[in-house]
Amino acid sequence: MYQIYVRSFADAGADGVGDLAGVRSRIAYLQRLGVDAVWLTPFYPSPQRDHGYDVADYFDVEPQYGDLAELDALVAECRSVGIRVLMDIVPNHCSSEHAWFQEALASAPGSASRSRFWFRDGRGADGEVPPNNWSAEFGGSAWTRVTEADGAPGQWYLHTFTPWQPDFDWSNDDVVEHFDRALRFWFDRGVDGFRVDAVQFVGKAPGLPDTEGDAPVSPARNPHLSFVASSHAVWRHWRATVDAYNEAHPARDVFLVAEAYTPRRPDILAAYVAPDEFHQAFSFDLLLSPWNVATLRDAIDAPHRALTAAGTTVTWVLNNHDVQRAVTRYGRLVAHDVSSWTGSPLGYSDSEVDVALGTRRARAAAVMVAALPGSLYVYQGEELGLPEVLDLPDTVRTDPVFLRAGGAEIGRDGCRVPIPWDDDATTACGFATAPATPWLPQPENWSTWSVARQEGDSDSMLALYRATLRRRTELAPHEGPLEWVLTDHAQLLAFARGDVTVVLNPTSDAVTLDASATEAADIMLTSSPGHVDPRVVPADTCVWLRS
Ligand code: NOJ
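Just so you know, these numbers come straight off a predicted model, no measurement behind them. (Residues numbered from 1 in each chain as written. Predicted model: local features only at pLDDT ≥ 70, side-chain atom pairs only at ≥ 80, totals over all residues. Heavy atoms only, no water.)

Draft legend 1. Quick look at the sheet that holds strand β11 (residues 374–379). Taking strand neighbours around the barrel as the criterion, the eight strands line up as β1-β2-β3-β7-β8-β9-β10-β11 in a closed arrangement whose pairing is parallel. Between one strand and the next, the sheet's axes are offset by a mean angle of 30°, whatever the strand orientation. The pairing of strand β3 (residues 84–89) with strand β7 (residues 193–196) spans four bridges and is parallel. If you follow Ile89 over to β7, its bridge partner there is Val196. (Pairing = 2+ DSSP bridges. Helix = DSSP H or I, 4+ residues; strand = E, 2+ residues; numbered from the N terminus. Axes fitted to C-alpha atoms, helices over the stretch in contact; angles between N-to-C directions.)

This is the structure:
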């Protein structure tokens, strides 16, 4: 599966912002890469305060990105070459510009319009204190006070993220019905499924109790706001809607993938992929893991065990539009340090970066993750080995993480810089079809990583990803078991997939394998150019050995 951050993939309109027509113009590239499906980040009408994760209308296309006809054309063309199309849907919150929220603002406290959201009276003599002490994900209180129709300060509304993203109240039938309609609306247009945003925050604890203690608690760690058990009823309802759709349309097989950060809690992850809930749920432990044998093994083994026991497989991911790119994470001088396993979705660190080292490790990680049983999502640019752009000027940063933290956190713009397709500086390295200024500036040397430059280089990251995705199909990717082998080698992480042994050496020294392990073994795939001896695994390398 390939994640497309629409805004940054390809710009057919030459306005500096990626669009659906741009995606359509690059289908041949996706085919050649060997992906089965694409996930498109939100392209609904939106004021873009969180780049589309603030949806103003769930039934249309943002004009910057195209229109419904363009989407139809994209879906049809993808389908004609066997690529399925996943959209992104945001059930926890909408944009404050959504018609329902505007209607709620214009309505009286206690009105039906307000009951679709979480409007509450404040505490204190004049209601000037927020209804509880919850914090928002991108900084500040999770409550914002409104001004009522008479001009007086009024109620407060709840937002897990920014004030521009009011949370829906899922106990409201209008909300349930609205999303059922949205799912079916897009399925009817040929969309094959949805990546479902921030599922852990849907559903709040009854009574909205304060968190304990005086220190602010982030939403992810707020037990009244995150992973509230009763909210699983919402997902069982969605699954029933999806199953009913598939039953009524026998040629279709639409599906749902959950986004929930469940750091080192495979039991919580497993609950989302119960047979009557999501078809897939991202496991982020590997993405968050330091480059260290013990934690990498745990990040693979724990979700694998839990999801196998639940009768399903793991959905692996090394990158997405919310975290610093793997090349940069693995290139940090502290990358091996277990204390950097923070559970933070941003994986932020100040430690120095060695891009060459990070690239070597990212190659090894890619070869390793592709050998695991289960599904795999690749984030655009990962296959080019793009590093995080850490030095964007503050003036061009747009991420609410940066803006809300007053610059104290650099945020996520650095993994969203438009893709370099070729060497043409005037078109933002081929990102745009005509001269354009990209919405985020590309670094001077961005074309070093361009598709055009990597095409002709058999040692490039792109060549490695193409080879890896092709050869992955020989491993029967959806079937287990995952058997740990070579456990005598403390420096290695190795597992068997049938007659293939996958060996990762995440240390800085080459490791010589036992003669018995490599007898009659051939290198099927290696992350290190020039690696030809199956008996030796070079530093920061992953190899597939076939016996
Ligand atoms: C998760 C999305 O991946 C992220 O980009 C967004 O900011 C939040 N959810 C809020 O929707």
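Draft legend 2. Summary view of the packing of helix α5 (residues 173–188) against helix α6 (residues 232–248). Relative orientation of the contacting elements α5 and α6 amounts to 30°, with a least axis distance of 11 Å. The handedness of the crossing between α5 and α6 comes out as right-handed. Residue-level inspection shows Val176, Phe179, Asp180, Leu183, Arg184, Phe187 and Asp188 of α5 in contact with α6, the latter providing His237, Trp238, Thr241, Val242 and Tyr245. Grouping the constituent residues of the contact of α5 with α6 by class yields seven nonpolar, two polar and three charged. (Left-handed = near helix turned anticlockwise from the far one by under 90°. Contact = heavy atoms within 4.5 Å. Nonpolar A, V, L, I, M, F, W, Y, C, P; charged D, E, K, R; others polar.)

Draft legend 3. Just the packing of aromatic side chains, in detail. With the rule as written, the count across this model stands at 37 aromatic pairs. Look at Phe185 and Trp186: their rings are 4.8 Å apart centre to centre, the planes differ by 85°, and that puts the pair in the edge-to-face class. Ring geometry for Phe227 and Tyr272: centres 6.3 Å apart, planes at 55°, overall tilted. With a gap of 45 residues between them, Phe227 in the loop between β7 and α6 and Tyr272 in helix α7 (residues 266–272) connect regions that are remote in the sequence. Accessibility expressed as a relative area gives 23% for Phe227, which makes it partly exposed. A relative accessible area of 1% means that Tyr272 is categorised as buried. (Phe/Tyr/Trp six-rings, centres within 6.5 Å; stacked < 30°, edge-to-face > 60°. Buried < 20%, exposed > 50% of the residue type's maximum accessible area, 1.4 Å probe, protein only.)

Honestly, that's just the spatial picture; any functional story needs more than this.
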